[in-house]
Amino acid sequence: MIPLVCASTIGNFPKKKWVMLFLLAHAFLEVLSARFGFIFSVDSSNVYHRRGFYWIYLAAIVLGTAFLFRASFQLSRHYQNRNSHVLALILVFLVVGTAIQIIWRDVRVDWISVSLASMLFYIYYSELIQPTDPLTALLNRRCYESRIAAIHSVVIILYFDVDQFKKINDRYGHACGDSCLSIIGGVLRRSYSKYGCCYRIGGDEFCVILDHHLRDVALLNTSFFSRLTAQRVNQPFLPHVSVGFAQYNPATDDIHEVIAQADSCMYHYKEKHRAAPPLSS
């Protein structure tokens, strides 16, 4: 049950009947085994023994662990984490530790492995959540500044600004404004996260740093705006978003000048589209 509880904690627990039935059936069989000894038994000398249906216990462990790590990999992609190989190493460590116990019964390392794997998983989860903006699930300003200071390859920096955002808050309230930012953040992540990292760097300001498929930036921008338009079918109050971008080469360019260039391009785009249709009421 521990992996399923952990999966529930990180918010990826599908509340389906088969999961609950699995838990109840396994718990029922464990209780029966304590009386009849068909999964495990303890003799009069207090020695633990595996019985013919021990595979039920192993299946529960394997399925629960697989469920947790599947949910964790999904969460890792959601938060744009590129260190999922660390999660894979934790899984390998856990599998090896429990396998040793299964093969050599006298080597008591299974619960030590589970304890250490749980600690490593908690550290991984904490490092995953800490650099994340809670409203949009994008990377936060601190993570953006660290990334800017550590760029060593050619990238494209895109700046985004939400148009007329103050009017959204004034007309519909701050809850609606937060909803707009969350929707825009989700569209940014779906449009660009496969090719770079997405950040919320201010109240209604966003940044994307592309390090793959740089030549496709125009197509990615088109995809982003198309998805925003599609969102307005159900959220007509969703504001327009301005974008500007510039390429940065660490061998020849100054990062601050490139940022200023992208910011200037974004404001030029904003002025060009200032005559956009008014927000729906």
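In the block above lies the structure referred to throughout.
Peer 1: What am I meant to see in the overall build of the chain here?
Peer 2: In terms of helices and strands, the chain carries ten helices and six strands. Computed over the C-alpha atoms, the radius of gyration of the chain is 25 Å, more than 25% above the 19 Å expected from 2.2 N^0.38 for a compact globule of 281 residues. Taking the intrachain contacts of the chain between residues at least 6 apart in sequence as the baseline, contacts between residues at least 24 apart amount to 65%. As presented, the chain carries roughly 16500 Å² of accessible surface, and 61% of it is formed by carbon and sulfur atoms. Of the side chains in the chain, 27 bear a positive and 20 a negative charge, and the two mean positions are spaced by 11 Å.

Peer 1: Got a minute to help me understand the pairing of strand β3 (residues 155-162) in this structure?
Peer 2: Residues in a regular strand point their side chains to alternate faces of the sheet. Most of β3 sits out of view: eight of its eight residues are buried. What you see with β3 is no split at all: Val155, Ile157, Tyr159 and Asp161 on one side and Ile156, Leu158, Phe160 and Val162 on the other are buried throughout. Sheet analysis places β3 next to strand β6 (residues 241-248), joined by eight bridges and oriented antiparallel. Within β6, the position partnered with Ile157 by the bridge is Ala246. Across six bridges, β3 lies against strand β5 (residues 205-210) in antiparallel orientation. Following the sheet pairing, Phe160 is matched in β5 by Phe206.

Peer 1: In this structure, what is going on with the nonpolar core? I would like to understand it.
Peer 2: Where a protein is soluble and globular, its nonpolar side chains tend to be buried together. Counting 27 residues, the largest nonpolar core has Leu158, Phe160, Leu188 and Tyr192 as its most contacted members. Contributing elements (two or more residues each) for this core: β3, α7 (165-172), α8 (174-192), β5, α9 (217-231) and β6.

Peer 1: Explain the side chain of Asp161 here, please?
Peer 2: One can find Asp161 in strand β3. Using a relative accessible area of 8% as the deciding quantity, one classes Asp161 as buried. Beyond its immediate sequence surroundings of up to four residues, Asp161 is in contact with Asp204, Glu205, His240, Val241, Ser242, Met266 and Lys270.

Peer 1: Which parts of the structure should I look at to understand the sheet that holds strand β4 (residues 196-200)?
Peer 2: Within a beta sheet, neighbouring strands are joined by backbone hydrogen bonds and run either parallel or antiparallel to one another. Pairing within the open sheet is antiparallel, and its four strands lie in the order β4-β5-β3-β6. The outermost strands of the open sheet, each flanked by one partner alone, are β4 and β6. Looking at each pair of strands side by side, their axes are set apart by 15° on average, direction ignored. As judged from the five bridges shared by β4 and β5, these two strands associate in the antiparallel manner. The residue of β5 that forms the bridge with Tyr199 is Cys207.

Peer 1: Can you help me understand the packing of aromatic side chains in this one?
Peer 2: Remark: the centre distance and the inter-plane angle together describe each pair of aromatic rings, the angle taken between the planes. One pass over the full model with this rule turns up eleven aromatic pairs. Judged by centre distance (5.3 Å) and plane angle (65°), the rings of Phe160 and Phe224 are edge-to-face. You can see Phe160 sitting in strand β3 and its partner Phe224 sitting in helix α9, a full 64 residues away along the chain. Each of the two residues, Phe160 as well as Phe224, counts as buried. Here Tyr192 and Phe224 contribute two aromatic rings whose centre-to-centre distance is 5.9 Å and whose plane-to-plane angle is 45°, an arrangement assigned as tilted. Separated by 32 residues along the polypeptide, Tyr192 in helix α8 and Phe224 in helix α9 bring together distant segments of the chain.

Conventions and cut-offs
- Residues numbered from 1 in each chain as written.
- Predicted model: local features only at pLDDT ≥ 70, side-chain atom pairs only at ≥ 80, totals over all residues.
- Heavy atoms only, no water.
- Helix = DSSP H or I, 4+ residues; strand = E, 2+ residues; numbered from the N terminus.
- Rg over C-alpha atoms; globule rule 2.2 N^0.38 Å.
- Contact = heavy atoms within 4.5 Å.
- Areas by Shrake-Rupley, 256 points an atom, 1.4 Å probe, with all protein chains shown as cover.
- Lys, Arg positive; Asp, Glu negative; His and termini not counted.
- Charge placed at Lys NZ, Arg CZ, Asp CG, Glu CD.
- Buried < 20%, exposed > 50% of the residue type's maximum accessible area, 1.4 Å probe, protein only.
- Pairing = 2+ DSSP bridges.
- Core = buried A, V, L, I, M, F, W, Y, C linked by side-chain atoms within 4.5 Å.
- Axes fitted to C-alpha atoms, helices over the stretch in contact; angles between N-to-C directions.
- Phe/Tyr/Trp six-rings, centres within 6.5 Å; stacked < 30°, edge-to-face > 60°.

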